[in-house]
Amino acid sequence: MVEARQVQLSRLGSLIKHTNMTNQPTSSPKNMVKWWLLVALFAFFILAGQSTATLLGRLYFDKGGKSKWMGAFVQTCGFPILIPLYFFSLDKKSSTTINVNTNSPSIPILASVYVTFGVFVTFYCILYALGLSYLPVSTYSLLCASQLGFNALFSYFINSQKFTPYIINSLFLLTLSAVLLVFGGSDAATAAKISKGKYVIGFICTVGACSLYGLALSLTQYSFRRILKVESFKSVLNMIFFPSLVSSSAMAVGLFASGEWKSLGNEMESFSLGKASYMLTLIGTAVSWQVFSIGSVGLIFKVSALFSNVIATVGLPVVPVLAVFVFHEKMDGNKVVAMILALWGFVSYAYQHYHGSSEPKDDEKSSANNEGVSKSLEVSV
């Protein structure tokens, strides 16, 4: 009887331990260092991929590109480059389930998840492409900052995101840094050449894209923790590969159905940098967006959807600064201040996670209490 009770209590302790698993680093210094290195790597992927893809996207439209469907298609069509990563996944031998009480999702459930996210990606990629083609760069960047607010709202209701003073300070600084970009004044001439109708369409499309993107990030975090329930790098790749496959297929249909594919040959011929540069611009844009996707989904997997969006917002002031060197645009004080505020906001958010990971978590305390209760029951029995 005593042995049966001890076995039962041991199983109970194991169950509690697995149920309280999270993606946060453990108290082990080695695990914390590994966790922070992965977070830094994914953040670098976001900043490098987003900046490069945005600059190449602007290059495409500035040098003769006109196809809106192509501008959206290159955001997802680079997914085949992820295939080699499946064979070099570092975590494929150590994947664990987040909750031992539930089985892995069935193929129909996985298919429905990937198709749903593919539809999300299709819509916000098209809307982003339309917004970028109709709006001045500074106005577009300002509106893109709204995705952080949308994501924070959705994360609060969907993922029970907690807002600490550090996180609130970070959101405020990052939003302010993006707002400063609208006062640069470098796009005044461009804005004057845009018709009122196109400006309104670009405004609506960009805000709509930001809301869909913020919702998609929150739902991705929810899917990882409540539906997929698998902690592995392969699950990250799947969340990029299959929705991109669905989205690329849908946009390829749109490209041919709209008839824009007929003008791609003329675009290549008239591209001011030459045919080779035309192809390299599209290929580079596609690859860069995939790098961005790996970083974005990776941070959702390791930290949260809101943190992933924070890193992406940090990159908004980076693009105008890089444009000074690439497109020889003027550097002004607003861009410098925006960059400083963005870095300040990022440091504030990163400190919150460092501060939180260095303190005992509630689930660790609960696990310790349950272990103590189990031991006391064993003694009493």
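Residues numbered from 1 in each chain as written. Predicted model: local features only at pLDDT ≥ 70, side-chain atom pairs only at ≥ 80, totals over all residues. Heavy atoms only, no water.

### Section: the nonpolar core
The nonpolar side chains of a soluble globular protein tend to be buried, and buried together.
So, point 1. Core analysis: the largest hydrophobic core is formed by 63 residues, its most contacted members being Met70, Tyr124, Tyr128, Phe224, Val236, Met239 and Leu299.
So, point 2. At the level of elements, α2 (29-62), α3 (68-73), α5 (107-134), α6 (137-144), α10 (196-228), α11 (233-257), α13 (275-302) and α14 (305-314) are the ones that each hand at least two residues to this core.
So, point 3. Element by element, the count of residues in this core is highest for α5, at 11 residues.
So, point 4. Those residues within four positions of Leu299 in sequence are excluded, and the remaining contacts are Val39, Phe42, Ala43, Ile46, Ser304, Phe307, Ser308 and Ile311.
So, point 5. Core analysis: the next-biggest nonpolar cluster, separate from the first, contains six residues, Leu148, Leu171, Leu306 and Val310 among them. (Core = buried A, V, L, I, M, F, W, Y, C linked by side-chain atoms within 4.5 Å. Buried < 20%, exposed > 50% of the residue type's maximum accessible area, 1.4 Å probe, protein only. Helix = DSSP H or I, 4+ residues; strand = E, 2+ residues; numbered from the N terminus. Contact = heavy atoms within 4.5 Å.)

### Comments concerning the side chain of Thr281
So, point 1. Its place among the elements puts Thr281 in helix α13.
So, point 2. We classify Thr281 as buried; its relative accessible area is 4%.
So, point 3. Residues within four places of Thr281 in sequence aside, it is in contact with Leu56, Leu59, Tyr60 and Phe271.

### Quick look at helix α7 (residues 146-158)
So, point 1. End to end, α7 covers 18 Å across 13 residues, agreeing with the expected 18 Å (1.5 Å per residue, within 8%).
So, point 2. All of the buried residues along α7 are Gln147, Leu148, Asn151, Ala152 and Ser155. Down the axis, α7 shows its buried residues gathered within 140 degrees of arc, on one side only.
So, point 3. Ser160 sits one or two positions beyond α7 and adopts a positive phi of about 55 degrees. (Expected span 1.5 Å × (residues − 1). Arc of directions from axis to C-beta.)

### Observations concerning the packing of α2 against α13
So, point 1. Look at α2 against α13: their axes get within 7 Å of each other, and the N-to-C directions meet at 150 degrees. Taken together, the axes of α2 and α13 are roughly antiparallel relative to one another. Handedness of the α2/α13 crossing: left-handed. (Axes fitted to C-alpha atoms, helices over the stretch in contact; angles between N-to-C directions. Parallel < 35°, antiparallel > 145°, perpendicular 65-115°, else oblique. Left-handed = near helix turned anticlockwise from the far one by under 90°.)

### Quick look at the packing of α11 against α13
So, point 1. Running from N to C, α11 and α13 cross one another at 130 degrees; their axes reach a closest spacing of 9 Å. On the basis of their axis angle, the class for α11 and α13 is oblique. The handedness of the crossing between α11 and α13 is right-handed. Seen from α11, the contacting residues are Ser235, Val236, Met239, Ile240 and Ser244; seen from α13, they are Gln290, Ser293, Ile294, Val297, Gly298 and Phe301.
So, point 2. When the residues that make up the contact of α11 with α13 are grouped by side-chain class, the tally is six nonpolar, five polar and no charged. (Nonpolar A, V, L, I, M, F, W, Y, C, P; charged D, E, K, R; others polar.)

### Regarding the confidence of the model for the protein
So, point 1. With 70% of its residues at a pLDDT of at least 70, the protein reaches an overall mean of 75.
So, point 2. pLDDT under 50 marks residues 1-22. Its contacts with residues more than four places away, or in other chains, come to 18 contacts.
So, point 3. Confidence drops under a pLDDT of 50 for residues 91-101, and excluding neighbours within four residues, the segment shows 25 contacts in the predicted structure. (pLDDT = per-residue confidence, 0-100.)

### Details of the environment of Leu306
So, point 1. As for its placement among the helices and strands, Leu306 is situated in helix α14.
So, point 2. In this structure Leu306 comes out as buried when scored by relative accessible area, which is 0%.
So, point 3. Between the alpha carbons of Leu306 and Leu153 there is a distance of 9.6 Å; along the sequence they are 153 residues apart.

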